[in-house]
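So you can see what is in the structure, the chains are spelled out below.
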Amino acid sequence: MATVFGSVRRHIFTPSLHDVTFAARGFPVTPSAATRRLEAIPQSVICGFEWGIETKTNDELERRLEFIDAPLRGFAYEGAAMALTVLDAMRPGNRSRARELLTGAGRPHTLLTYIGIGFAMSHLPRPLWRNVIPDLSGTPYYPTMSWLAVDGYGFDLAYFHTDKWVWQQRRPAPYAWEGDPEYFLRACDQGVGRALWFIHGGQPADVAATVAKFAEHRRADLWSGVGLAATFAGGTDPEGYATLRTLAAGHVPELAQGAVFAAKARDLAGCVPEHTNEAVGVLTGLSVPVASKLADDVAAGGLRGEGVPAYEVWRRLLHAHFAETETVAY
């Protein structure tokens, strides 16, 4: 049973399931079966968050999360990671429930749980950010992919404060994440790009038109985020993915790079829905297993770069693969 304290925290931080629908957010979306499927994603995040706030133990939390349908389960873990990050920040100590979740049952959903930590960041004062990533030694892609937390922060800004961060194209103040305040802004833009896929209900033409309104130097990161969201979340059909690829024009390698990260995340979680197979095929010319392996293969020689985060080196290697080998095809 939820404690009184837990109930108070839940109501302070948690929007209702209705609040995250596209209509409630004021997104320019025509309701359809596809948009309803997309709306189930933020609603799954909310469920995971509520359970994370309410439950006293991770065992109980994990039992609830496993009731979520496999294609949506990672999103529920995303919300749970957000909740436990907030709780850990509110009652700091030697025990980190977020670490226990991310190194345990949440391990297959590693990339999404990083994003959940980013959601928590939007509800926490910046002085607390330095401790939001627990020691995850021994888990896949730690600490390289911790930049996905910044991506999650950017997504949260764009999804819940769309006028400021999307229509006005504002940028948050830099923050020295891993000592790199300039790349912090780029990682935020990758999250904004992911949010654009939801804000426009998976409509490629509308997404592309909005990306084109941003300053040119921001568009590559936005397209990378679009590719990740479109591939992982779905929301269109093969024809729609082909249109998205065409509209990306000079940013097809960035779109493909995002799709590969999504393929890696789905493969790691052991659940690859048909829309991910379709998206990866159209946006990269590869199958999901091959795209997932490519993500590891390009990093096999190391991810060291002069003054560049390892995460960005990884992205550049994938970008170069698609730019140079021309394997991106219908």
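Predicted, not measured: the structure shown is a model, and the values here were computed from it.

(A) Representation of the overall build of the protein in the model. When helices and strands are counted, the protein shows 17 helices and zero strands. The C-alpha atoms of the protein give a radius of gyration of 18 Å, which matches the 20 Å a tight globule of 330 residues would have. By its C-alpha atoms, the protein is 55 × 45 × 35 Å across when sized along the principal axes. For the protein, buried positions account for 56% of its 330 residues.

(B) Structural context of the environment of glycine 191. By the element assignment, glycine 191 lies in helix H10 (residues 181-199). Sequence separation between glycine 191 and leucine 228 is 37 residues, and the spatial gap between their C-alpha atoms is 9.5 Å. Not counting chain neighbours up to four residues away, the residues in contact with glycine 191 comprise Asp151, Gly154 and Phe155.

(C) Geometry of the confidence of the model for the protein. For the protein, per-residue confidence averages 93 on the pLDDT scale, and residues scoring 70 or more make up 94% of the total. Between residues 1-12, whose pLDDT stays under 50, and residues either more than four places distant or in other chains, the model counts 14 contacts.

(D) Quick look at the environment of arginine 97. Checked against the element boundaries, arginine 97 lands in helix H6 (residues 97-103). The exposure class assigned to arginine 97 is buried, which follows from its relative accessible area of 4%. With ten residues separating them along the chain, arginine 97 and leucine 87 place their C-alpha atoms 8.2 Å apart. Other than its neighbours up to four places away in sequence, arginine 97 contacts Gly52, Thr55, Lys56, Thr57, Asn58, Leu61, Leu84, Leu87, Asp88 and Arg91.

(E) View of the nonpolar core. Membership of the largest hydrophobic core comes to 106 residues, with the highest contact counts inside it found for Trp177, Phe184, Phe198 and Trp314. If one sorts the elements of this core by residue count, H10 sits on top with eleven residues. If we ignore the near neighbours within four places in the chain, the residues touching phenylalanine 198 are Phe22, Phe27, Val29, Leu38, Ile41, Pro42, Phe155, Tyr159, Ala229 and Ala233.

(F) Representation of helix H13 (residues 238-248) in the model. Those residues of H13 that fall on the buried side of the exposure criterion are Gly240, Tyr241, Ala242, Leu244, Arg245 and Ala248. Elements that come into contact with the buried residues of H13 comprise H10, helix H11 (204-211), helix H12 (216-233), helix H14 (252-269) and helix H15 (274-284). Of the residues trailing H13, alanine 249 is marked for its positive phi of about 50°.

(G) Fine view of the packing of aromatic side chains. Counted under the stated rule, the structure contains 18 aromatic pairs. Taking 6.1 Å as the distance between ring centres and 35° as the angle between the ring planes, the aromatic pair formed by tryptophan 129 and phenylalanine 184 counts as tilted. Of this pair, tryptophan 129 sits in the loop between helix H7 (110-121) and helix H8 (147-160) while phenylalanine 184 sits in helix H10, placing them 55 residues apart in sequence. The exposure class assigned to phenylalanine 184 is buried, which follows from its relative accessible area of 0%.

(H) Highlighting the packing of H12 against H15. Close contact between H12 and H15 brings their axes to 7 Å; oriented N to C, the two are set at 140°. Here H12 is positioned oblique relative to H15, judged by the angle of their axes. When H12 is examined against H15, the residues Ala230, Thr231, Phe232 and Ala233 are found in contact with a partner set consisting of His275, Thr276, Ala279, Val280 and Leu283.

(I) Structural detail: the state of the cysteines. All told, the structure shown has zero disulfides when counted by the stated rule. This cysteine, cysteine 271, is not joined by any disulfide, and cysteine 47 carries the nearest cysteine sulfur, 17 Å off. The exposure class assigned to cysteine 271 is buried, which follows from its relative accessible area of 16%.

(J) Geometry of unusual backbone geometry. In this chain, tyrosine 142 is followed by proline 143 through a cis amide linkage whose omega measures 0°. Checked against the element boundaries, proline 143 lands in the loop between H7 and H8. The phi angle at glutamine 169 is positive, at roughly 55°, despite the residue not being glycine. For glutamine 169, the location among the structural elements is in the loop between helix H9 (162-167) and H10. In the Ramachandran plot, alanine 249 falls in the positive-phi region, its phi being about 50° despite a non-glycine side chain.

Cut-offs and rules
- Residues numbered from 1 in each chain as written.
- Predicted model: local features only at pLDDT ≥ 70, side-chain atom pairs only at ≥ 80, totals over all residues.
- Heavy atoms only, no water.
- Helix = DSSP H or I, 4+ residues; strand = E, 2+ residues; numbered from the N terminus.
- Rg over C-alpha atoms; globule rule 2.2 N^0.38 Å.
- Buried < 20%, exposed > 50% of the residue type's maximum accessible area, 1.4 Å probe, protein only.
- Contact = heavy atoms within 4.5 Å.
- pLDDT = per-residue confidence, 0-100.
- Core = buried A, V, L, I, M, F, W, Y, C linked by side-chain atoms within 4.5 Å.
- Phe/Tyr/Trp six-rings, centres within 6.5 Å; stacked < 30°, edge-to-face > 60°.
- Axes fitted to C-alpha atoms, helices over the stretch in contact; angles between N-to-C directions.
- Parallel < 35°, antiparallel > 145°, perpendicular 65-115°, else oblique.
- Disulfide = S-S within 2.5 Å.

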